[in-house]
Amino acid sequence: MECGIFQSWNLSQAKINEFTVVPVSNDGQFCEGKQTGNGHKFGLKSPAQGYDVEADQSDTLTQNSITSLLSSKFRDVAKRWRQYGVDSPRFRKRLHSKWESMNYEIIDSQLQRKLNEEKVSKRKLAMLMLSNWLVYFAIGIGTALMAAGVQIIVELIAHQKFSLLKTYLDKCSTDKENCLYQPILIWMSINVGITLLASALVTYLQPMAAGSGIPLIKSYLNGVRIPGLLSLQAFVAKCVGVVLSILGGLACGKEGPMAHSGGIIAAGIGKGRIPWFKKYIDLYGLFRTDHNIRDLVAAGAASGVSAAFGAPVGGTLFSVEEAASFWNTELVWKVFFSAMVACFSTNFLLSAYEGHPTQLSNPGLVRFNTFPNLTFDLIEIPVFIIMAAIGGLIGSLFVVMNYKLTVFRQKYLHRKKWIKVVEASLVSGVSALAAFVLMFTIKDCTTAEPYNGHAFNTTMGCDGEGHNAMSTMFLTTPEGCLKALLHDSYDNYSVLTLVLFVTVFFFLGVWTYGLSVSSGVFIPSLTIGAAWGRLIGLGVIQLFPNQVLTSKAKDVGKYALIGAASQLGGCLRTTISLTVIIVECTGDITFGLCIMLALMISKWVGDFFTTGLYDMNVEVSGIPLLSWEPPPLCDHVYVSDFMSQPVMTFLPVEKVGHVYECLMGESFNGFPIIEQDPNCDSRYKGKLRGIILRFQILVLLSKKVFCQEGQVPSNQNSITLKDFQKTSPVAVRIEDIQLTDQEKQYVIDFRPFMNQTPYTVSLNFSMPRVFRLFRGLGLRHLVVVSDEFEPIGMVTRKDLAKYRAEIKKGMLHMEHLTVENR
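Per an unreviewed UniProt entry, the protein goes by the name Chloride channel protein and belongs to Biomphalaria glabrata. Its UniProt record gives the protein the following Subcellular location (unreviewed entry) comment, quoted word for word: "Membrane". Checking UniProt for the protein, the heading Sequence similarities (unreviewed entry) contains the comment "Belongs to the chloride channel (TC 2.A.49) family."

Following this line, the structure appears as structure tokens:
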């Protein structure tokens, strides 16, 4: 925890008729919501109201009957299934104390004031401003190099892989009895072998590289420190892992990991140091503070999305809407500049690779490409609205199923690292087997040519000049499959082919997301939506052949695009940025209204049932994320009701042994410094004079900045702000500091290093005011003082994050989360 001891909310001091909370404990019992003044409850249920199936005693069957036995078994299965549901307290109703906040606030110490008093020339300020822009430029270039490298490697190796599979499939299509086992064994062996490397790289090198990384980047930009998230190991595991994941045949994409990789590049450039074994080679340190690194990571995430989709505006908005929590006009401009540089540089590199660098025809890794005559009639708007609702429902189903699978993994599969590797290899093998079985059993033969030669196809099961339509969607990368569904002609795929593909790919996508591999969910969601959107397009054309279509191919692609947008909105619940990204990918603004409607309605429908996929990952991880606004209906709740108390305080000059024992015994990260009251018997009671962080104390202890009482440490004047910036807050631990008995008798002076002007509030501050102050300033600690200016409590991130409000199924739910120590 940050500081202090957590205590439950004292509702007796609040107006019960305005605000109610569901306390959640680890034993799975839910406290019934308190009755409001008007007789209503905010969607709160007790176990007897609908959580316990076995509470119904109206069963009239005999205990010896088969029906009774089956009924009891069903109840057991239903009860276990609910344990993985959205009401599972262990995985979504608690916070982990291991997550700590970033030090965004500038420490107003004597060291900082001495630095501020130094005269700074106009030339130096101009050079600092120029270097700032150069760093953002370098972020765009670095992200483009990374994205282009990943794209080229995937295309080259994927071409060889699918060419080999096509050769064996075509060869064995005529001799099915004797050699059909060869292509499936080759396919499964390639997938399992590559995925084995991908999962082992992530599992053993850096687990923070698993998944897309966007939920963790979002949490980092919200103010939570994620150890290992922006390390060199994470970059290697993310970039190499995503290449191997795609080549391993998993239902994933590389667009989400691009945002994480861009953030790592930005953090590395900002820190200005090169890792060398267990040490660092320092190049510069102008942007090494948490505040600067946060802004650079926001630019890196936007650059990654921009390079992935060729959408600089969409990437900037994605970073604003989905990731970053602190913004200003100047930062938006810098982030957009970095995203534009990344988009242009990626375009240039990919175009140069194809032999025409001046044409700039490859603005991103994934482009939906231009739709010919992408127009719509007003009579189609109701159809698009229905499709949006379907996207919200399927997206909610995706989130719920993935959540249940995530809980199952955390309970049973993630206890051993090798099990994670085996599971990922199993999924890749099943993906190859499922694709082969569909191609072998479905005789959907067509002579229509695939769009732009994006995929290989095989003649398996087809005579003459036709090819198997199912192979067009599986013998290609996920991006190629998406383009096929968006742009292939009207008669390329039968209804049965699309239905089976949607069903199989949906379950593969659910199973894949959450594996211990580097993977993204953008492309799988778009592909699933494009497939069922194409199905609806075929149905509309059959029902209204004369009213709607002027070109069958055009209309099917249009419905596939709406389906893709609806599915993505139903999973991620992001509206503005996804609208701009899809519009930039298609290059046609005229269809923007339909895309916006699809994303908005799919989000509304999805929010009615579940949270978004990224928010679900944050909740499962127990990360104390702060929302944009304070919880509703809490104006009557004051800081005295939720602050952490008591606080541990230090005097301006303390014995080293006492400080060492306090740090060994407590996990607090902020300690108020007080001036001892001579009229009080208590040694640690007095007026607040400042606050010092645990990290600062550890640095002082590790550098032996202490001396005998009455003397001044010989190295005190040599300590500068750079000494604190060079050391990572998670690199120094109290267990690693060894002190002799004589050193423990020395004293340490906190006055030159403590924050002399900490933010404080009185006991009568309301929760909304505290929340906005804490959130707007990016605070880590907020000291609560009495009328005598004595520290009596502390407000930290977890004190505010443990009260969660959400609207589900049209009802307002207020929850009091538990904080678990790990």
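That covers the picture; the talk isn't over yet.
The next subject is the overall build of the protein. When you go through the protein residue by residue, the secondary structure sums to 29 helices and 18 strands. A total of 822 residues make up the protein; the buried ones form 56% of that total. Expressed as a percentage of contacts within the protein between residues at least 6 apart in sequence, the contacts between residues at least 24 apart total 77%. Summed over all atoms, the accessible surface of the protein reaches about 35400 Å², with 59% contributed by carbon and sulfur.

Pairing in this open sheet of three strands is mixed, and the strands run β13-β14-β15 from one edge to the other. The open sheet has two edge strands, β13 (760-761) and β15 (791-795), and neither has a second partner. The pairing of β13 with strand β14 (residues 782-785) spans two bridges and is parallel. Opposite Val761, over in β14, you have Val784 as the bridge partner. Of the strands in this sheet, β13, β14 and β15 touch helix α28 (residues 767-777), which is tilted by about 145 degrees from β14.

Time to look at the side chain of Asn468. Along the polypeptide, Asn468 turns up in strand β8 (residues 467-468). There is a polar contact of 2.8 Å between the side chain of Asn468 and the backbone oxygen of Met439. Engagement of the side chain of Asn468 in a polar contact is seen with the backbone nitrogen of Met470, the distance being 2.8 Å.

Okay, helix α8 (residues 232-247) next. The end-to-end C-alpha distance of α8 is 23 Å, a good match for the 22 Å that 16 residues give at a rise of 1.5 Å each. Maximum bend of α8: about 25 degrees, positioned at Gly241. Among all positions in α8, only Ala234, Ala237, Lys238, Cys239, Gly241, Val242, Val243, Leu244, Ser245, Ile246 and Leu247 are buried. Considering only its buried residues, α8 is in contact with α4 (122-172), α6 (181-205), α9 (255-271) and α16 (478-487). Gly249 occupies a position one or two residues after α8 and carries a positive phi of about 80 degrees.

With an omega of -5 degrees, the peptide bond between Gln645 and Pro646 qualifies as cis. For Pro646, the position within the fold is in the loop between α23 (639-642) and β9 (653-655). Of note, Arg573 is a non-glycine position whose phi angle comes to about 65 degrees, a positive value. Arg573 gets classed as buried once you look at its relative accessible area, which sits at 6%. Of note, the phi angle at Lys704 is positive, near 60 degrees, even though the residue is not glycine. By the element assignment, Lys704 lies in the loop between α25 (694-702) and α26 (721-726). Judged by its relative accessible area of 30%, Lys704 falls in the partly exposed class.

Further remarks concern a positive patch on the surface. Together, Lys124, Lys703, Lys722 and Lys726 line one region of the surface with positive charge. Relative to the helices and strands, Lys124 resides in helix α4.

Now for the side chain of Arg797. Within the secondary structure, Arg797 sits in helix α29 (residues 797-801). Look at Arg797 and you get buried, because its relative accessible area is 4%. In this structure, Arg797 is in contact with Ser101, Asn222, Gly223, Val224, Pro624, Leu625, Leu626, Phe774 and Arg780, ignoring residues within four places of it in sequence.

The next point concerns the packing of helix α13 (residues 381-413) against helix α17 (residues 495-512). Running from N to C, α13 and α17 cross one another at 45 degrees; their axes reach a closest spacing of 9 Å. By the angle between their directions, the pair α13 and α17 is classed as oblique. Helix-helix and strand crossings are classified by hand; for α13 and α17 the assignment is right-handed. The residues of α17 that touch α13, namely those facing Ile394, Leu397, Phe398, Met401, Asn402, Leu405 and Arg409, are Phe506, Phe507, Gly509, Val510 and Trp511. When the residues that make up the contact of α13 with α17 are grouped by side-chain class, the tally is nine nonpolar, two polar and one charged.

Bringing the environment of Ile697 into the picture now. Structurally, the position occupied by Ile697 is in helix α25. For Ile697, a relative accessible area of 0% translates into the label buried. Placed 37 residues apart in sequence, Ile697 and Tyr660 show a C-alpha to C-alpha distance of 9.3 Å. Sequence-distant contacts of Ile697, that is, excluding residues within four places in its chain, are made with Phe650, Val659, Leu663, Phe671, Ile692 and Phe750.

Taken as a whole, this structure holds 19 aromatic pairs when the rule is applied. Residue placement shows Arg769 over the ring face of Phe765; its charged tip is 5.0 Å from the ring centre. Over the face of the ring belonging to Trp628 we find Arg775, whose NZ or CZ atom lies 4.8 Å from the ring centre.

All right, on to the environment of Val242 then. Here Val242 lies in helix α8. For the pair formed by Val242 and Lys254, sequence separation is twelve residues and the distance between their alpha carbons is 6.1 Å. In contact with Val242, not counting residues within four places along its chain, are Val150, Ala237, Gly253, Lys254, Pro257 and Ser518.

With that settled, the discussion passes to the pairing of strand β10 (residues 670-676). β10 sits mainly inside the fold: five of its seven residues count as buried. Where β10 and strand β11 (residues 686-693) come together, seven bridges link them in antiparallel fashion. In the sheet register, Gln676 faces β11, and the bridge partner there is Gly686.

A separate point is the packing of helix α14 (residues 417-441) against α17. At a minimum axis separation of 11 Å, α14 and α17 run at an interaxial angle of 175 degrees. The orientation of α14 relative to α17 falls into the category roughly antiparallel. Of the residues in α17, those touching α14 at Glu423, Leu426, Val427, Val430, Ser431, Ala434 and Leu438 are Leu500, Val504, Leu508, Trp511 and Thr512. The residue makeup of the contact of α14 with α17, split by class, is nine nonpolar, two polar and one charged.

A separate point is empty space enclosed by the protein. One pass over the structure, following the stated rule, counts four cavities of 30 Å³ or more. Computed from the structure, the largest cavity encloses a volume of approximately 280 Å³. Forming the walls of the largest cavity are 21 residues, and the residues nearest its centre are Gly249, Leu250, Phe474, Thr476 and Pro478. When its residues are assigned to classes, the lining of the largest cavity shows 15 nonpolar, five polar and one charged. Of the pockets and cavities examined, the second largest cavity occupies roughly 160 Å³. Considering the residues around the second largest cavity, the lining is formed by 15 residues, among which Glu105, Leu693, Asn755, Arg780 and His781 are closest to the centre. Counting residues per element, the lining of the second largest cavity draws most heavily on β11, which supplies three residues. A breakdown of the residues in the lining of the second largest cavity according to their chemical character gives nine nonpolar, four polar and two charged.

Let's shift gears to the nonpolar core. Across soluble globular proteins, you tend to see nonpolar side chains buried next to one another. Counting residues in each nonpolar core, the largest one holds 151 residues, and the members touching the most others are Trp187, Tyr220, Ile226, Phe309, Phe368, Phe501 and Phe522. It is α4 that contributes the most residues to this core, 14 residues altogether. Setting aside residues up to four positions removed in sequence, Phe368 forms contacts with Leu482, Leu486, His487, Leu526, Leu561, Ile582, Cys585 and Thr586. Grouped together as the second largest cluster of nonpolar side chains are 32 residues, Tyr660, Ile697, Ile719 and Phe753 included.

Conventions adopted
Residues numbered from 1 in each chain as written. Predicted model: local features only at pLDDT ≥ 70, side-chain atom pairs only at ≥ 80, totals over all residues. Heavy atoms only, no water. UniProt positions renumbered as here; feature names shortened; annotations may be inferred. Helix = DSSP H or I, 4+ residues; strand = E, 2+ residues; numbered from the N terminus. Buried < 20%, exposed > 50% of the residue type's maximum accessible area, 1.4 Å probe, protein only. Contact = heavy atoms within 4.5 Å. Areas by Shrake-Rupley, 256 points an atom, 1.4 Å probe, with all protein chains shown as cover. Pairing = 2+ DSSP bridges. Axes fitted to C-alpha atoms, helices over the stretch in contact; angles between N-to-C directions. Polar contact = N/O pair within 3.5 Å; in protein donor to acceptor, adjacent residues only side chain to side chain. Expected span 1.5 Å × (residues − 1). Bend = angle between axes of the 7 residues up to and from the residue. Patch = residues over 30% accessible without salt bridge, like charges linked within 9 Å, V, L, I, M, F, W, Y side chains within 5 Å. Salt bridge = Lys/Arg side-chain N within 4 Å of Asp/Glu carboxyl O. Lys, Arg positive; Asp, Glu negative; His and termini not counted. Charge placed at Lys NZ, Arg CZ, Asp CG, Glu CD. Parallel < 35°, antiparallel > 145°, perpendicular 65-115°, else oblique. Left-handed = near helix turned anticlockwise from the far one by under 90°. Nonpolar A, V, L, I, M, F, W, Y, C, P; charged D, E, K, R; others polar. Phe/Tyr/Trp six-rings, centres within 6.5 Å; stacked < 30°, edge-to-face > 60°. Lys NZ or Arg CZ within 6 Å of the ring centre and 35° of its normal. 1 Å grid on protein atoms, 1.4 Å probe; cavity = no way out; pocket = protein on both sides within 12 Å on 5 of 7 lines; lining within 4 Å. Points joined across faces, edges and corners; volume = space filled by probe spheres on them. Core = buried A, V, L, I, M, F, W, Y, C linked by side-chain atoms within 4.5 Å.

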